[in-house]
Amino acid sequence: MRDTDTAATIFRRRPDVSFTSFGDELLVVAPAQSWQIVLNGPGKRLFELLDGERAAGDLADALLEDCEEPLPPRDEVVADVLELLGDLENKGAVQRV
Amino acid sequence: MERRVTIGDLFDRAAAEARPVVAQLELTYKCNLRCSFCYNAPAGRAELDGDAWLRSIAKLKAAGAFHVILTGGEPFVRRDFWKIAAGVREQGLVLRVYTNGVALADEACADRYAALAPFETEVSLHGADAATHDRLTGVRGSFDKLLAALGNLSRRGLHVVAKTPVTKDNQGQLRAIEEVAGRFGCKVTFDLNITPTDDGDLSPLALAAEAEPLVEFLADLAARRGAVPAPRDPRAAGPACNAGRTIVTIDPYGDVFPCVAWRRRLGNIEEIEDFASFWRTAPVAPLTEVRRIADELPRTTLAASEEASYAAFCPGAAERETGSPFSLGEVARRSGEIRRAAHRRYLERR
């Protein structure tokens, strides 16, 4: 995650990435870094939502729709989204638009 | 605290559901090398054309395949290799390629290959010098081409694993082979078992390495890399292997096998309309048989002796060698003895 990242920052899945579902889990393979990881829960949902058009704030809103009351503060969810996307960027799975 | 789900967990789940996650496609048995221990057994029939391979890949994907391994023979000798490999990637699947590296010595070929974004490339490295490697491949200059390929792949940031079948000819060079691969950032996997050919010819077994150099090398490897050759845990759940469950192999003619090593023909991919249903319901006896055998092996053959518990055992190779997948066979028995001795030597030195 960069200091300049905001709720308006947009990411997309890198075109060389492959992914497949195993029930509640998603296996993501990023050949650029020869790396693979299992995502589940919000991480899986987030990765599936990445379409290169939704900004981090939109993604956070989509995740909040799945949450039960009491909802966490939106700013915290946006920060979590940006942190996960930054991690996935370092591993060659996503890129900034 | 909830345990993190690992990739191993996913593959265990896939095995339980009989999902063919890893599809190994033998695109051709043609090769530009003449390795003395090659296990391929060409049948002289017409190989599937590129369109048939693309149809097969789509069927495999529909059944849950995710990793597609293109191998041979030598896959790059097919002119339509690029069409097939691109088809794998266009379907969103993970591309892995097993090659002797000769084609990738060419810069333009390496560029084209890198553009496919393969996840892993496995090359065959048979010696630490040209004399040894070329003697085993039967083609002079193949070592130099392989080094050029390793350089090309390394400079393009591709992940490469070198694989070395250990033979009498290279048994004294294993550390040096690691060093050669290490110059290009590659790890080496050593295959102790030289196996019969796919049609049961036992002559390659005469090339198997002697025991003592392997014991010493494995003990040293355990100390350096932590790759300790421990025995199989008799309480471990699950089958002896995932042949016919998470693994499927298609030969150049479209014939379907449970694994590259277990040559029980299950049908032909061109004739199987719904491969997902075929794999899930296992409507043919050989498929149910290999699954049953793999389930039984841990409490039969592999539990019968200490050397069996240490063995690098493959039921398919055992069947080709002895006629029975339940027979340990000389190849696996020897590997068990070597691994057990290496384990003891490693423990003595700690």
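In what follows, the structure referred to is the one given above.
Below you will find a few notes about this structure. Keep in mind it's a predicted model, so treat the numbers as computed, not measured.

Moving on, we come to the layout of surface pockets. One number sums up the size of the second largest pocket: a volume of about 270 Å³. V38(A), L39(A), N40(A), R4(B) and V5(B) are, among the twelve residues lining the second largest pocket, the residues nearest its centre. Of all the secondary structure elements, the ones that give two or more residues to the lining of the second largest pocket are β4 (35-40) and α3 (74-90) of chain A. With four residues, β4(A) is the largest single contributor of residues to the lining of the second largest pocket. Among the residues making up the lining of the second largest pocket, the classes are represented as six nonpolar, two polar and four charged.

This part is about the environment of L266(B). Residues and elements named next belong to chain B. Counting through the fold element by element, L266 comes out in the loop between β8 (255-257) and β9 (267-268). Residue classification places L266 among the buried residues on the basis of a relative accessible area of 5%. Not counting residues within four places of it along the chain, the set of residues in contact with L266 comprises V256, F257, P258, F278, W279, V284, P286 and L287.

Here T246(B) is to be found in the loop between α8 (211-225) and β7 (247-250). Residue contacts for T246(B): discarding those within four places in its chain leaves F11(B), A14(B), A15(B), R19(B), P20(B), V21(B) and V22(B).

Before going further, it helps to spend a moment on the packing of aromatic side chains. Inspection of the entire model under this criterion finds ten aromatic pairs over all chains. Here the aromatic rings of F76(B) and F81(B) are separated by 4.2 Å at their centres, their planes lie at 35°, and the arrangement is tilted. In this pair, the class of F76(B) matches that of F81(B), namely buried. Here a set of aromatic residues connected by ring pairs shows up, and it is made of F76(B), F81(B), W82(B) and Y113(B). Stacked on the ring of F22(A), the Lys or Arg R19(B) has its end atom at 4.2 Å from the ring centre.

A word on the packing of helix α5 (residues 130-137) of chain B against helix α6 (residues 142-155) of chain B. All names here are of chain B. The geometry of α5 relative to α6 is characterised by a closest axis approach of 8 Å and an angle of 110° between their N-to-C directions. On the basis of their axis angle, the class for α5 and α6 is roughly perpendicular. Packed against α5, whose contacting residues are A130, H133, D134 and T137, the element α6 presents S142, F143 and L146 at the interface.

What follows covers the interface of chain A and chain B. With 19 residues of chain A in contact, the opposing surface of chain B contributes 20 residues. Roughly 1,500 Å² of surface becomes buried between chain A and chain B when both sides are summed, with 65% attributable to carbon and sulfur atoms. At the surface where chain A touches chain B, the tally comes to one salt bridge. For R13(B), the salt bridge is made with E25(A), and the minimal N-O distance between the two is 2.8 Å. On inspection of chain A and its partner chain B, the count reaches eight residue pairs in polar contact (both at pLDDT 80 or more). Of the residues in the side of chain A that touches chain B, the class split is nine nonpolar, seven polar and three charged.

Residues and elements named next belong to chain B. Counting buried positions along strand β5 (residues 160-165) yields five of six residues, so the element is predominantly enclosed. Sheet topology note: the strand β4 (residues 120-124)/β5 ladder contains four bridges and is parallel. Bridge pairing in β5 places E122 opposite V161. Note that β5 and strand β6 (residues 187-191) share five bridges and pair parallel. Across the sheet, A162 pairs through a bridge with V188, a residue of β6. Regarding topology, helix α7 (residues 174-182) serves as the crossover connection from β5 to the parallel β6, and that connection is right-handed.

Our focus in this paragraph is the sheet that holds β4(B). Residues and elements named next belong to chain B. Taken in spatial order, the nine strands of this open sheet run β6-β5-β4-β3-β2-β1-β7-β8-β9, and their pairing is mixed. The sheet is open, and its two edges are formed by β6 and β9, each paired on a single side. Set on the sheet, α6 makes contact with β4 and β5; between it and β4 the angle comes to about 165°.

Parameters at a glance
- Residues numbered from 1 in each chain as written.
- Chains lettered and ligands numbered in written order.
- Predicted model: local features only at pLDDT ≥ 70, side-chain atom pairs only at ≥ 80, totals over all residues.
- Heavy atoms only, no water.
- 1 Å grid on protein atoms, 1.4 Å probe; cavity = no way out; pocket = protein on both sides within 12 Å on 5 of 7 lines; lining within 4 Å.
- Points joined across faces, edges and corners; volume = space filled by probe spheres on them.
- Helix = DSSP H or I, 4+ residues; strand = E, 2+ residues; numbered from the N terminus.
- Nonpolar A, V, L, I, M, F, W, Y, C, P; charged D, E, K, R; others polar.
- Buried < 20%, exposed > 50% of the residue type's maximum accessible area, 1.4 Å probe, protein only.
- Contact = heavy atoms within 4.5 Å.
- Phe/Tyr/Trp six-rings, centres within 6.5 Å; stacked < 30°, edge-to-face > 60°.
- Lys NZ or Arg CZ within 6 Å of the ring centre and 35° of its normal.
- Axes fitted to C-alpha atoms, helices over the stretch in contact; angles between N-to-C directions.
- Parallel < 35°, antiparallel > 145°, perpendicular 65-115°, else oblique.
- Buried area = accessible area lost by both parts, 1.4 Å probe.
- Salt bridge = Lys/Arg side-chain N within 4 Å of Asp/Glu carboxyl O.
- Polar contact = N/O pair within 3.5 Å; in protein donor to acceptor, adjacent residues only side chain to side chain.
- Pairing = 2+ DSSP bridges.
- Right-handed = clockwise from strand over helix to strand, strands pointing away.

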